[in-house]
Amino acid sequence: MSPETAKSRETKTKLLEGALNVLTEQGIAKTSARTIASAAGVNQALVFYHFGSVDELLAAACRHGAEQAVGRYRTRLAAVTSLSELLTLGRRIHEEEREGGHVALLGQLLAGAQTHASLGPATAAGLDLWIAEIERTLTRVLPNTPFGEFADARGLARAVAASFVGIELYEGVDRQGAHAALDALEQLGALVAALEDLGPMAQRAIRHHLRRRA
């Protein structure tokens, strides 16, 4: 790799991180080539040289941020062995992402998608990275539950992701209410754990009942 290529990649990374920092700290309304370049510590012209436009840079930054976030939790998600563990980890992820400013970032990306055409698909693509990891986890753990054969891992993964997005945004206007929602999910996790701990005969009875209802 030539020094020029290495330097170019370094500059692009600085711009991606700078865009994410500006979105988180100043909001979509104050995100511009000037503020991003200032946060990145580079010349403003490099925004257009490397990405063509601010919107394209924001879209790339959205994907970059999602890849970084999912990468932080991939190993922990791979270690999940039950639905109750997944719900518990989901709350920890929410708390860690909030403390890191990433919940605020998601809110800005969703708000910006209304006026920046490229942000909508980029934000959806970022969420798809989360959904893929959740679906992979559900596909692995659902067969070990009494209702594994009745649950659609693909659809459930999207429902889980949508729920957490909603809770994260809701927290911005009603933090206590968002915490109550997370508490309710933990209670659901306790119920799921109780079902997972049932013996083989009890689990067969539940499956039989579910088949009749289905």
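Residues numbered from 1 in each chain as written. Predicted model: local features only at pLDDT ≥ 70, side-chain atom pairs only at ≥ 80, totals over all residues. Heavy atoms only, no water.

Asker: Mind showing me how you'd approach the packing of aromatic side chains here?
Answerer: Any two aromatic rings considered together are summarised by their centre-to-centre distance and by the angle between their planes. Inspection of every chain in the model, using the stated rule, returns 1 aromatic pair. When the ring of Tyr-73 is compared with that of Trp-130, the centres are 5.8 Å apart and the planes differ by 35°; the resulting orientation is tilted. With Tyr-73 in helix 4 (residues 54-78) and Trp-130 in helix 7 (residues 119-141), the pair connects residues that are 57 residues apart, well separated along the chain. Judged on exposure class, the residue Tyr-73 and its partner Trp-130 are both buried. Just above the ring of Phe-51 sits the side chain of Lys-12; from NZ or CZ to the centre is 5.7 Å. (Phe/Tyr/Trp six-rings, centres within 6.5 Å; stacked < 30°, edge-to-face > 60°. Helix = DSSP H or I, 4+ residues; strand = E, 2+ residues; numbered from the N terminus. Buried < 20%, exposed > 50% of the residue type's maximum accessible area, 1.4 Å probe, protein only. Lys NZ or Arg CZ within 6 Å of the ring centre and 35° of its normal.)

Asker: Sorry if this is basic, but what is going on with the environment of Ala-153 here?
Answerer: Examined against the element boundaries, Ala-153 turns out to sit in helix 8 (residues 153-171). The class of Ala-153 is buried, set by a relative accessible area of 12%. Excluding residues within four positions of it along the chain, Ala-153 makes contact with Glu-135, Leu-138, Thr-139 and Leu-142. (Contact = heavy atoms within 4.5 Å.)

Asker: Looking at this structure, I do not really get the environment of Glu-135. What am I missing?
Answerer: The residue Glu-135 is located in helix 7 in this model. Classification of Glu-135 by relative accessible area gives partly exposed; the value is 24%. Apart from the residues lying within four places of it in its own chain, the contact partners of Glu-135 are Ala-153, Arg-154, Ala-157 and Arg-158.

Asker: Got a minute to help me understand the packing of helix 4 against helix 5 (residues 83-99) in this structure?
Answerer: Two quantities define a packed helix pair, namely the angle between the axes and the distance from one axis to the other. Axis separation between helix 4 and helix 5 bottoms out at 12 Å; the angle between their running directions is 150°. Of the possible angle classes, the one that applies to helix 4 and helix 5 is roughly antiparallel. Here the hand of the crossing between helix 4 and helix 5 comes out right-handed. In this structure, helix 4 uses Ala-69, Arg-72, Tyr-73, Arg-76 and Leu-77 to contact helix 5, whose residues at the interface are Leu-86, Leu-89, Arg-92, Ile-93, Glu-96 and Glu-97. (Axes fitted to C-alpha atoms, helices over the stretch in contact; angles between N-to-C directions. Parallel < 35°, antiparallel > 145°, perpendicular 65-115°, else oblique. Left-handed = near helix turned anticlockwise from the far one by under 90°.)

Asker: What is the right way to look at the nonpolar core in this model?
Answerer: When a protein is soluble and globular, its nonpolar side chains tend to lie buried together. Leu-15, Ile-36, Val-47, Leu-57 and Leu-58 are the most contacted members of the largest nonpolar core, which totals 25 residues. Sort the elements by how many residues they give to this core and helix 4 lands first, with 7 residues. Counting 19 residues, the second largest nonpolar core, distinct from the first, contains Ala-69, Trp-130, Ile-134 and Val-192. (Core = buried A, V, L, I, M, F, W, Y, C linked by side-chain atoms within 4.5 Å.)

Asker: Before we go on, may I ask you to explain the pattern of salt bridges in this structure?
Answerer: Under the definition given, this model contains 11 salt bridges. The salt bridge involving Arg-91 is made with Glu-95; its shortest N-O contact spans 3.5 Å. You can see Arg-91 and its partner Glu-95 sitting in helix 5, 4 residues apart, about one turn around the helix. Among the residues examined, Arg-91 registers a relative accessible area of 12% and is labelled buried. The class for Glu-95 is partly exposed, based on a relative accessible area of 30%. Note that Glu-171 is salt-bridged to Arg-175, the shortest N-O span being 4.0 Å. A relative accessible area of 8% means that Glu-171 is categorised as buried. Each of the salt bridges in this network shares a partner with another, and the network as a whole consists of Arg-91, Glu-95, Asp-183 and Glu-186. (Salt bridge = Lys/Arg side-chain N within 4 Å of Asp/Glu carboxyl O.)

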